[in-house]
Amino acid sequence: MTHAAHAPGGLPRTRAALRDSGHVHRSTAAEVRENLLARMASGQPRFPGVHGFDDTVLPQLERALLAGHDVVLLGERGQGKTRLIRTVAGLLDDWSPAVAGCPVNDHPYSPVCPSCVRRSAEEGDELPVAWRHRDERYGEKLATPDTGTAELIGDVDPARLAEGRSLGDPETVHFGLLPRANRGVFCVNELPDLPARAQVALFNVLEERDLQVRGYTLRLPLDLLLVASANPEDYTSRGRIVTPLKDRFGAQVRTHYPPDLEHELALIRQEADLPEGTTVPSHLVETVARFTRLVRASNRVDQRSGVSVRFSVAAAETVAASALRRAAIVGEDVPVARVCDLAGVAEPLLGKVEFETGTEGREASILETLLRRAVAETFRARLGEADLEPLSDRFSGGGTVETGDLVSSAELLRRVGAVPGLAGLIKRAAPEEADGPPSPGLAAAVVEFALEGLYLERRLSKDTAPDGGVYRF
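Just so it is clear, the structure is predicted and the values come from calculations on it, not from any experiment.

(A) Local environment of a nonpolar patch on the surface. Together, Ile 329, Val 330 and Leu 406 make up a nonpolar patch on the protein surface, roughly 230 Å² of accessible area in all. Here Val 330 shows up in helix H13 (residues 309–330). Val 330 gets classed as partly exposed once you look at its relative accessible area, which sits at 31%.

(B) Quick look at helix H5 (residues 114–123). Within H5 the residues assigned to the buried category are Pro 114, Cys 116, Arg 119 and Ser 120. Directly after H5, the chain includes Gly 124, whose backbone phi takes a positive value near 60°.

(C) View of the nonpolar core. Ranked by internal contacts, the top residues of the largest apolar core, which has 67 residues, are Phe 291, Val 295, Leu 342, Leu 383 and Val 416. Ignoring sequence-local partners within four residues, the contact set of Phe 291 consists of Phe 311, Val 345, Leu 349, Leu 367, Leu 370, Leu 371 and Ala 374. Residues Leu 178, Ala 181, Val 188 and Leu 191 belong to the second largest nonpolar core, which totals 34 residues.

(D) Spatial organisation of the pattern of salt bridges. Using the criterion set out here, one finds 28 salt bridges in the structure. For the salt bridge of Glu 286 with Arg 382, the shortest nitrogen-to-oxygen distance reads 2.7 Å. Linking Glu 286 in helix H12 (residues 282–297) with Arg 382 in helix H15 (residues 363–383), this pair joins segments that are 96 residues apart in sequence. Given the relative accessible area of 12%, Arg 382 is considered buried. Within the structure, one salt-bridge network assembled from shared partners comprises Arg 269, Glu 286, Arg 290, Glu 377, Arg 382 and Glu 432.

(E) Local environment of the packing of H12 against H13. Following both chains from N to C, one finds H12 and H13 inclined at 145°, their axes separated by 9 Å at the closest point. Where H12 crosses over H13, the handedness of that crossing is right-handed. Between H12 and H13, the residues in contact are Leu 284, Val 288, Phe 291, Thr 292, Val 295 and Arg 296 and Val 309, Phe 311, Ser 312, Ala 315, Ala 316 and Val 319, respectively.

(F) Geometry of the side chain of Ser 392. You can see Ser 392 is positioned in helix H16 (residues 389–393). Since its relative accessible area comes to 7%, Ser 392 is described here as buried. One polar contact links the side chain of Ser 392 to the main-chain carbonyl oxygen of Glu 389, over a distance of 3.1 Å.

(G) Geometry of unusual backbone geometry. Even without glycine at this site, Arg 183 takes up a positive phi of about 65°. By secondary structure assignment, the location of Arg 183 is in the loop between helix H8 (177–180) and strand E7 (185–189). Among the residues examined, Arg 183 registers a relative accessible area of 6% and is labelled buried.

(H) Seen up close, the packing of H12 against H15. Running from amino to carboxyl end, H12 crosses H15 at an angle of 130°, the nearest separation of the two axes being 8 Å. Classified by the angle their axes make, H12 and H15 are oblique. Two packed elements cross with a definite hand, and for H12 against H15 that hand is right-handed. In this structure, H12 contributes Ser 282, His 283, Glu 286, Thr 287, Arg 290, Phe 291, Leu 294 and Val 295 to the contact, and H15 contributes Leu 367, Leu 370, Leu 371, Arg 373, Ala 374, Val 375, Glu 377, Thr 378, Ala 381 and Arg 382. Partitioning the contact of H12 with H15 into residue classes produces nine nonpolar, four polar and five charged.

(I) Region of the structure containing helix H19 (residues 440–456). Helix length check: H19 (17 residues) gives 24 Å between terminal C-alpha atoms against 24 Å at 1.5 Å per residue, within 8%. Positive backbone phi, approximately 65°, marks Arg 458, located one or two places after H19.

(J) The arrangement of the packing of aromatic side chains in detail. Evaluated as defined, the whole model comprises two aromatic pairs. Relative to Phe 311, the ring of Phe 291 lies with its centre 5.4 Å away and its plane at 50°, an arrangement referred to as tilted. You can see Phe 291 sitting in helix H12 and its partner Phe 311 sitting in helix H13, a full 20 residues away along the chain. With respect to class, Phe 291 is no different from Phe 311; both count as buried. Judged by centre distance (6.1 Å) and plane angle (75°), the ring pair of Phe 379 and Phe 449 falls under edge-to-face. One end of the pair, Phe 379, is in helix H15; the other, Phe 449, is in helix H19, and 70 residues separate them in sequence.

(K) Summary view of the sheet that holds E7. As summarised here, the arrangement of the five strands in space is E4-E7-E10-E1-E11, forming an open sheet in which the pairing is parallel. A strand with exactly one partner marks an edge of an open sheet, and here the two such strands are strand E4 (138–142) and strand E11 (251–254). With strand direction ignored, the average angle separating the axes of adjacent strands in the sheet is 20°. Two elements, strand E1 (residues 71–74) and strand E10 (residues 225–230), share four bridges in a ladder whose sense is parallel.

(L) Local environment of the environment of Cys 113. Relative to the helices and strands, Cys 113 is located in the loop between strand E2 (95–99) and H5. Of the residues examined, Cys 113 reaches a relative accessible area of 1% and is grouped as buried. Considered as a pair, Cys 113 and Leu 220 are 107 residues apart in the sequence and their alpha carbons are 6.5 Å apart. When sequence neighbours within four positions are dropped, the list of residues in contact with Cys 113 reads Cys 102, Pro 103, Val 104, Asp 106 and Leu 220.

(M) Local environment of the environment of His 25. Here His 25 lies in the loop between helix H1 (15–20) and helix H2 (28–42). His 25 sits in the partly exposed class, given a relative accessible area of 33%. In sequence terms His 25 and His 107 are 82 residues apart; their C-alpha atoms lie 7.7 Å from each other. Not counting residues within four places of it along the chain, the set of residues in contact with His 25 comprises His 107, Tyr 109, Ser 110 and Arg 183.

Each value, and the rule that gives it
- Residues numbered from 1 in each chain as written.
- Predicted model: local features only at pLDDT ≥ 70, side-chain atom pairs only at ≥ 80, totals over all residues.
- Heavy atoms only, no water.
- Patch = residues over 30% accessible without salt bridge, like charges linked within 9 Å, V, L, I, M, F, W, Y side chains within 5 Å.
- Areas by Shrake-Rupley, 256 points an atom, 1.4 Å probe, with all protein chains shown as cover.
- Salt bridge = Lys/Arg side-chain N within 4 Å of Asp/Glu carboxyl O.
- Helix = DSSP H or I, 4+ residues; strand = E, 2+ residues; numbered from the N terminus.
- Buried < 20%, exposed > 50% of the residue type's maximum accessible area, 1.4 Å probe, protein only.
- Core = buried A, V, L, I, M, F, W, Y, C linked by side-chain atoms within 4.5 Å.
- Contact = heavy atoms within 4.5 Å.
- Axes fitted to C-alpha atoms, helices over the stretch in contact; angles between N-to-C directions.
- Left-handed = near helix turned anticlockwise from the far one by under 90°.
- Polar contact = N/O pair within 3.5 Å; in protein donor to acceptor, adjacent residues only side chain to side chain.
- Parallel < 35°, antiparallel > 145°, perpendicular 65-115°, else oblique.
- Nonpolar A, V, L, I, M, F, W, Y, C, P; charged D, E, K, R; others polar.
- Expected span 1.5 Å × (residues − 1).
- Phe/Tyr/Trp six-rings, centres within 6.5 Å; stacked < 30°, edge-to-face > 60°.
- Pairing = 2+ DSSP bridges.

Now the structure itself:
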């Protein structure tokens with residue numbers, strides 16, 4: 001069932017009714033341009049869900065769209081290129097008319113495919129009109145080395161030949177992905193991975209707007225906006241964009257990773273799919289964000305491959321999963337993540353990072369070191385100026401506190417005992433979660449965070465273990 005079947009009532013259903021309604025036919029580029037200008041004028045979000053590009057990427061992309069250019073987004077993996085491309089489709093009209101049953105979504109005023117040209121001549125202004133939602137006007141293809149021109153452009157349909165049509169009959173063509181995206185936005189992800197022959201097939205689509213299928217040319221003036229993504233590493237490793245194709249794209253826009261901590265945090269909160277009812281306090285979310293940024297800056301990590309935003313998202317989800325596991329085993333009603341849950345993050349993330357040569361066998365250790373640095377940075381940012389003497393005094397008599405990922409929050413608080421000023425520490429460490437009386441889980445999370453920070457500042461010692469540790473004076 002398509003969106004067209006649920007189009008709002010009262011929309012014209014024939015070409016005559018469409019003319020009477022005063023509808024004006026615009027090209028896809030003009031449609032995107034006018035809607036983008038309208039959003040600019042009204043102050044509406046132009047690219048919802050995209051963070052960190054406001055002063056760099058988006059102005060360039062907006063200029064390209066206003067110019068009506070096809071665009072290549074160039075950037076390392078996990079920089080949000082595909083998400084950004086999908087928001088471009090949101091600049092299309094909510095509903096758009098098309099010839100009912102047309103495989104390439106011809107506009108009723110100016111049909112171009114052979115079957116619609118014939119139908120238009122036969123049916124005149126009674127030509128039926130269908131309405132397509134803008135979600136239907138977005139197409140996407142992940143380029144792979146086995147992608148062929150038939151899949152992108154089209155091929156002769158043997159079934160139609162069997163009906164008695166001649167090979168040269170244009171109505172024997174089964175249209176590929178690009179013609180079916182006519183009057184919409186089409187995305188080619190990882191363009192350099194597209195075989196050179198398939199890239200060459202895009203020349204005419206982008207420039208001359210005709211199709212070449214099985215040795216004959218079908219003049220089909222396509223009206224689409226083509227936006228592609230590419231990784232710079234692919235230019236020299238797996239593949240490349242052939243030079244004439246690059247020349248046919250009107251604009252190349254360079255993307256980047258989140259420029260600052262706030263944008264990194266916004267992306268984690270937006271993208272992480274945490275188990276329902278599980279809480280990852282804000283100081284741990286910040287730790288994950290700082291950890292990701294430290295990995296990106298490390299000289300032991302291959303920066304040509306990049307460190308995807310998916311790295312931080314997966315880390316946050318793993319921390320939440322560890323809290324959920326503890327709650328199930330020890331019988332906690334509300335899972336709340338703690339510092340001890342960070343211990344299980346490094347190993348699962350190894351597959352998301354490419355390391356420089358010479359680090360073989362030390363990859364997990366590198367990530368664990370960077371993770372401790374992230375905890376220390378977050379501690380200094382959130383509790384660096386807090387009065388932690390009452391907590392460190394707890395150990396002045398030589399006492400110890402054992403914690404770990406299977407120690408419940410209630411048990412940890414019992415072992416630590418009363419902490420003067422705990423409410424103030426919670427407001428500093430996790431202000432987003434500090435409304436109302438703190439839960440035992442949140443209190444334990446902040447206490448353990450403070451203990452780990454004191455240890456990293458060397459105000460406490462710690463016997464470490466994979467699942468936690470014993471803090472001592």
